[in-house]
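A look at the structure
Here is what each chain is made of, one letter per residue.
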Amino acid sequence: MSPSVYILGVGSTPVRKQPERGFTDLVAEAFTAAVEDARLDDVDRIEGTWFSNTLMDFWGQRAVRGQAVLTPLMREGVFPNGNTIINVEDGCASGSVAFNGAWSAIRQGADLALALGVEKMHDSTRSGSEFLQWMDGTGNMLDPDLFWGPFRSIAAENGLDLKQDPNRSLGMDAYSVFALTHMNTYGTTIEQIAYAAAKNHTNAVGNPRAQYRFPMTIEEVLADRVVAEPLTRAMCAPRGDAGSAVLVCSQSYLDAQPREVREGAVLVRGHSLRGGLVDTDGSTTWEKRRAPVRAADDAYAMAEVAPTDLDLVELHDAASFAEIALVEDLGLCARGEGGPFTASGATRPDGQIPVNPSGGLVSRGHPIGATGLTMLHEVVLQLRQEAGPVQVNAPRLGLVENGGGLLGLDNAVSAVTILEGGPR
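Here's a quick rundown of the structure. (Residues numbered from 1 in each chain as written. Predicted model: local features only at pLDDT ≥ 70, side-chain atom pairs only at ≥ 80, totals over all residues. Heavy atoms only, no water.)

1. Looking at the pairing of strand β7 (residues 242-250)
As a reminder, the rule being used: Type-normalised accessible area, obtained with a 1.4 Å probe on protein chains alone, sets the label of each residue: buried when under 20%, exposed when over 50%, and partly exposed for intermediate values. Helix and strand definitions follow DSSP, with helices as H or I runs of at least four residues and strands as E runs of at least two, each counted in order from the N terminus. A pair of strands is treated as paired once DSSP finds two or more bridges between them.
Buried residues dominate β7, accounting for 9 of its 9 residues. Of the two faces of β7, the one carrying Ala242, Ser244, Val246, Val248 and Ser250 and the one carrying Gly243, Ala245, Leu247 and Cys249 are both buried. Summarising the sheet, strand β1 (residues 5-12) and β7 pair through 7 bridges and their orientation is antiparallel. Each bridged residue has a counterpart across the sheet, and for valine 10 the counterpart in β7 is valine 246. Inspection of the sheet shows strand β4 (residues 112-119) paired to β7 by 8 bridges, in the antiparallel sense. Residue pairing across strands places leucine 112 opposite cysteine 249, the latter belonging to β7.

If you want it as structure tokens, here you go:
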């Protein structure tokens, strides 16, 4: 039987445009919050840190990013001096891959490990379009034809015109193709995608950690500026600056803690990383064997639960169409039914299975290197019934899905984590 792993402490900064704050400042706030949440009185107990970031080279730091960011905190005695720091980068899934490293360390015999993520996506001295062009490096820029080939093929098969624009993220061009293909294949409507966006914007109103905190109607979502047809601005996750931290521990470590610490711990019931599939012709299996499907299957099997057992889900809606596809990938509804399932109200906070009660990436925010950890933070708060105005009704089992990068028509990597907990 594999060793049990628990989330002991979580901490995140709010996601905001914060050009005045540095990486170390953001990390210090998140790390200190996680230490306080875990009631950890000796940070030297941390046996290793997995540090996630995707875009720090925009500011000139290409290597040893965690060490560069954490050195001031070591000098101040805030962070353990000499701690082993492993730097992680896997696109938008970087935070979840860092969590995987800390989780794996506990399963291999460590008692206490840390996943720490940070991203700065705003610079007052440079334009947003300059940053978006830099972000294109999260695709395959060594061979752009290999990257875009599968999208051109599926666009042609569906009679679509693949358009690219340097003033938007290449991810939105990809989501545009995904959305239009799903609409052509299954009859998904733009109103159903808008429902997901409006739901999440409205969910985030009560979330103090969210970047956008205003409600939206379906009509307002549809009337917003088109970014990449059929996606409007309200259907696209904003760029944000934030840090997030998750402390994980072993059963033996937890057993030695005071009762109030033990009661706040959340069990990792299932966890899986899966890589994207690429066929020999450069395209990937489009739906049935996508990385999020395989990662979810693994996590359900490890946790010994089914989708119907879940009480809430936080998933990676970098564009609101992704929520339509991912509720299918995760088995919350049948393939092709994501649009009607969502528009039925099933994924509302008071619905059959609440999805993104935090506001999701479109409102909670998407600070790439920290995103996977902010999602875990939200579910931990929900399971402890500490989520305040965005709390759903007495959840015991929650799932987090976080995807990163693109490999053909698949995610480059997908992470699915199933957590179990209760109020402390």
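Having seen the structure, we can now continue with the description.
2. Considerations on the sheet that holds strand β2 (residues 49-52)
Inclusion rule: Lines fitted to the C-alpha atoms define the axes, with helices restricted to the stretch that makes contact. Angles between their N-to-C directions range from 0 to 180 degrees. Here, residues are in contact when the closest pair of their heavy atoms is within 4.5 Å.
Spatially, β3-β2-β4-β7-β1-β8-β11-β10-β9 is the arrangement adopted by the 9 strands of the open sheet, whose pairing is mixed. Only two strands of the sheet have a single partner each, and these edge strands are β3 (85-88) and β9 (312-314). The sheet shows a mean angle of 25° between the axes of neighbouring strands, taken without regard to direction. On top of the sheet, helix α2 (residues 65-75) reaches β2, β3 and β4; it is set at about 135° to β3, its chief contact. Each of β1, β2, β4, β7, β8 (266-275), β9, β10 (397-407) and β11 (410-420) is contacted by helix α15 (residues 368-384), which is oriented at about 170° to β10, the strand it contacts most.

3. What about the state of the cysteines?
Defined as follows: The rule for a disulfide is simple: a pair of cysteine sulfur atoms within 2.5 Å.
Throughout the structure, instances matching the rule amount to 0 disulfides. In this structure cysteine 92 is not part of a disulfide, and its nearest cysteine sulfur, from cysteine 236, lies 13 Å away. For cysteine 92, a relative accessible area of 19% corresponds to the buried category.

4. What to know about the pairing of β11
Most of β11 sits inside the fold, with 9 of its 11 residues counted as buried. In this structure, β8 lies alongside β11, joined through 8 bridges in antiparallel fashion. When the bridges of β11 are listed, histidine 271 appears paired with threonine 417. As paired strands, β10 and β11 are joined by 10 bridges and run antiparallel to one another. Paired with glutamate 401 across the bridge in β11 is valine 416. From the end of β10 to the start of β11, which pair antiparallel, there are 2 residues, and glycine 408 there has a positive phi angle of about 60°.

5. Concerning the pattern of salt bridges
Side-chain pairing between opposite charges can occur once the charged atoms of the two side chains come close. The test is simple: One speaks of a salt bridge when a side-chain nitrogen belonging to Lys or Arg is within 4 Å of a carboxyl oxygen belonging to Asp or Glu.
The full count for this structure, using the stated rule, is 19 salt bridges. Ionic pairing is found between glutamate 378 and arginine 209, a salt bridge with its closest N-O pair at 2.7 Å. Taken together, the residues glutamate 378 in helix α15 and arginine 209 in the loop between α7 (190-203) and α8 (218-223) connect sequence positions 169 residues apart. This pair shows no difference in class: glutamate 378 is buried, exactly as arginine 209 is. Across the pair glutamate 328 and arginine 335 runs a salt bridge, and its minimum N-O distance is 3.2 Å. Salt bridges here are not isolated pairs; linked through shared partners, they connect Asp37, Arg384, Glu386 and Arg424.

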